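What follows is the residue order along each chain.
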Amino acid sequence: MRATAEFHPGATQLENEAGRFVGATSGSRQSTKRGGTAEVDACRFRPHNNFNHKLEVTGQSDRCFFLRGTMKAELQAIQAEALAALKSVETLDALESLRITYFGRKGKLTDVMKGMGTLSKEERPEIGRLANEVRATLTQAFEAATEALHHQQQEHQLEAEAVDITLPGRKPAYGKAHPVMQTLERIEAIFRQMGFEAVTGPEVETEYYNFDALNTPADHPARDLHDTFYLTDGHLLRTHNSPVQIRAMESQSPPVRIIVPGKCYRVDYDVSHTPMFHQVEGLLVDKHATFSELKGILTSFARQMFGDQTQMRFRPHFFPFTEPSAEMDISCAVCQGDGCRSCGGTGWVEILGAGAVDPAVFEAVNYDPDEVTGFAFGMGVERIANLQFHIPDIRTLYENDLRFLRQF
Ligand SMILES: [Zn+2]
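The paragraphs below set out a description of the structure included in this document.

1. Observations concerning the overall build of the protein chain
Each helix and strand in the protein chain was counted, giving 12 helices and 15 strands. Taking as baseline every contact in the protein chain between residues at least 6 positions apart, the subset at least 24 positions apart corresponds to 61%.

Rendered as structure tokens:
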């Protein structure tokens with residue numbers, strides 16, 4: 001098959017007789033020097049030195065043309081192709097793989113640059129300049145695309161993480177003191193103000209401190225197994241806070257002015273008892289501590305706790321470690337003393353027990369009963385909390401139902 005290819009000086013395209021583009025020349029080497037029309041049997045491009053193609057023409061005279069134009073066209077094609085591809089890149093990953101396609105170790109542009117070595121000295125400057133331009137253009141385009149994608153990604157992120165600042169805020173859940181603790185703190189504050197120091201002691205006690213030293217002999221019913229939690233080693237869970245009074249008196253000389261807030265334990269469980277409960281015990285020992293002083297302090301406490309209108313009364317009672325002893329009632333806060341269900345119709349509710357310290361207790365701690373007198377009192381904190389908050393069943397305090405506890 002014969003083919004005609006036309007060569008013109010300065011021609012940039014080489015066409016066969018069907019007008020089909022078969023190559024491009026910039027019209028410098030052999031082909032253009034000759035000019036005119038050459039009859040060829042066949043012509044084909046063969047890759048040579050990467051992108052420097054060789055045009056082989058067979059026919060009138062077998063010649064080979066090195067077409068510098070193919071490299072130029074290749075560079076221009078790479079640029080156009082890369083710029084077009086950049087437009088459709090949507091992710092940074094895709095951009096990176098596109099960058100590798102052109103700039104990678106085996107990338108298209110890299111290949112062309114490698115082919116520079118095969119160019120002649122005359123050709124090198126022109127093609128070199130073009131290659132540098134293409135590289136600069138593409139580098140710039142890739143940088144711009146990278147920046148644009150980064151920006152876009154940031155925008156998307158901001159959009160995704162957008163917060164509607166017009167929504168009402170969520171209130172953080174916060175805790176607060178349990179009603180029993182609130183009451184305990186209030187009781188402590190009132191007595192501190194009257195000069196009492198709060199002291200604490202062990203909840204696991206010996207029988208000596210819990211009973212013997214408090215004038216409660218071994219045959220006393222309070223020491224019954226049914227009333228007290230005993231441990232296997234002879235210790236017990238203290239049944240009241242009074243042992244701390246003994247420990248305090250053992251460790252200091254009179255005068256003593258303390259309160260003992262804390263937990264104690266008894267085998268009880270009904271509307272007004274729980275196996276664990278809180279007490280505040282008080283002790284005042286001095287040379288001239290009198291029962292009227294006791295009454296004055298407790299009256300002041302009750303009025304601060306329950307209000308100025310609160311009425312008080314003492315009823316004789318018995319405690320092993322005080323003599324004389326009394327229970328103190330206050331006027332019912334619900335009915336103001338008229339009588340209601342809360343107070344059993346009496347108008348009074350009991351809040352604490354008190355008395356003058358028994359001389360036997362002083363002897364147990366080596367205080368001289370002829371030198372000092374004293375008084376002690378003790379109250380159940382849950383009982384005070386129930387009166388303060390009008391809680392009918394003491395057990396609800398420890399059921400931990402938040403609907404209940406949040407009311408206080
Ligand atoms: Zn009442």
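2. A few points about the sheet that holds strand S11 (residues 276-286)
In space, the seven strands of this open sheet follow the order S7-S10-S11-S15-S14-S13-S12, with mixed pairing throughout. Two strands lie at the open edges of the sheet, namely strand S7 (197-198) and strand S12 (312-319), each paired on one side alone. In terms of strand pairing, strand S10 (residues 256-265) meets S11 through 10 bridges, oriented antiparallel. Within S11, the position partnered with Lys263 by the bridge is His278. Contacting S7, S10 and S11, helix H6 (residues 179-193) crosses the sheet at an angle of about 5° to S11. Where helix H8 (residues 242-251) meets the sheet, its contacts fall on S10, S11 and strand S15 (373-380), and the angle it forms with S11 comes to roughly 35°.

3. Some words on the packing of helix H3 (residues 92-103) against helix H5 (residues 123-160)
Packing of H3 against H5 leaves a shortest axis separation of 10 Å and a crossing angle of 170°. The angle between H3 and H5 falls in the class roughly antiparallel. Mapping the contact onto sequence places Leu92, Leu95, Arg99 and Tyr102 in H3 and Leu138, Phe142, Ala145, Thr146, Leu149 and Gln153 in H5. Taken together, the residues of the contact of H3 with H5 sort by class into seven nonpolar, two polar and one charged.

4. Quick word on the environment of Glu188
Structurally, Glu188 can be placed in helix H6. Taking the C-beta count within 10 Å as the criterion, Glu188 has 16 such neighbours and is therefore assigned partly exposed. Put simply, Glu188 and Val280 are 92 residues apart on the chain and 8.1 Å apart in space, counted from C-alpha to C-alpha. Apart from the residues within four sequence positions on either side, Glu188 is in contact with Ala198, Ile259 and Pro261.

5. A few points about the nonpolar core
Judged by nonpolar contacts, the single largest core of 51 residues is most densely connected at Val285, Leu298, Ile351, Ala354, Phe375 and Phe377. Counting residues in hydrophobic clusters, the runner-up holds 10 residues, among them Ile78, Tyr102, Leu109 and Ile127.

6. Observations concerning H5
With 38 residues, H5 ought to run about 56 Å at 1.5 Å a step, and its terminal C-alpha atoms sit 54 Å apart, in line with that. All buried positions along H5 are accounted for by Ile127, Ala131, Val134 and Ala145.

7. Here's the deal with the packing of H6 against helix H9 (residues 291-306)
Two numbers describe how H6 lies on H9: the axes approach to 10 Å, and their chain directions differ by 135°. In this view, H6 runs oblique relative to H9, as classed from their interaxial angle. The chirality of how H6 crosses H9 is right-handed. Judged by residue contacts, Arg186, Ile190 and Phe191 of H6 engage Phe301, Gln304 and Met305 from H9. A breakdown of the residues in the contact of H6 with H9 according to their chemical character gives four nonpolar, one polar and one charged.

8. Details of the pairing of S12
Sheet topology note: the S12/strand S13 (residues 322-331) ladder contains seven bridges and is antiparallel. Across the sheet, Pro316 pairs through a bridge with Ala326, a residue of S13. Between the end of S12 and the start of S13, which pair antiparallel, lie two residues.

9. Section: unusual backbone geometry
With omega at 5°, the peptide bond leading from Pro254 into Pro255 counts as cis. You can see Pro255 is positioned in the loop between H8 and S10. With omega at -5°, the peptide bond leading from Glu323 into Pro324 counts as cis. Within the secondary structure, Pro324 is located in strand S13. Although it is not a glycine, Gln336 sits at a positive phi angle of roughly 55°. Of note, the phi angle at Asn366 is positive, near 60°, even though the residue is not glycine. Within the fold, Asn366 resides in the loop between helix H10 (359-364) and S15. Its 9 C-beta neighbours within 10 Å are what place Asn366 among the exposed residues.

Each value, and the rule that gives it
- Residues numbered from 1 in each chain as written.
- Predicted model: local features only at pLDDT ≥ 70, side-chain atom pairs only at ≥ 80, totals over all residues.
- Helix = DSSP H or I, 4+ residues; strand = E, 2+ residues; numbered from the N terminus.
- Contact = placed C-beta atoms within 7 Å.
- Pairing = 2+ DSSP bridges.
- Axes fitted to C-alpha atoms, helices over the stretch in contact; angles between N-to-C directions.
- Parallel < 35°, antiparallel > 145°, perpendicular 65-115°, else oblique.
- Nonpolar A, V, L, I, M, F, W, Y, C, P; charged D, E, K, R; others polar.
- Buried ≥ 20, exposed ≤ 12 C-beta atoms within 10 Å, placed from the backbone.
- Core = buried A, V, L, I, M, F, W, Y, C linked by C-beta atoms within 7 Å.
- Expected span 1.5 Å × (residues − 1).
- Left-handed = near helix turned anticlockwise from the far one by under 90°.

Worth remembering: the numbers are spatial, not functional.
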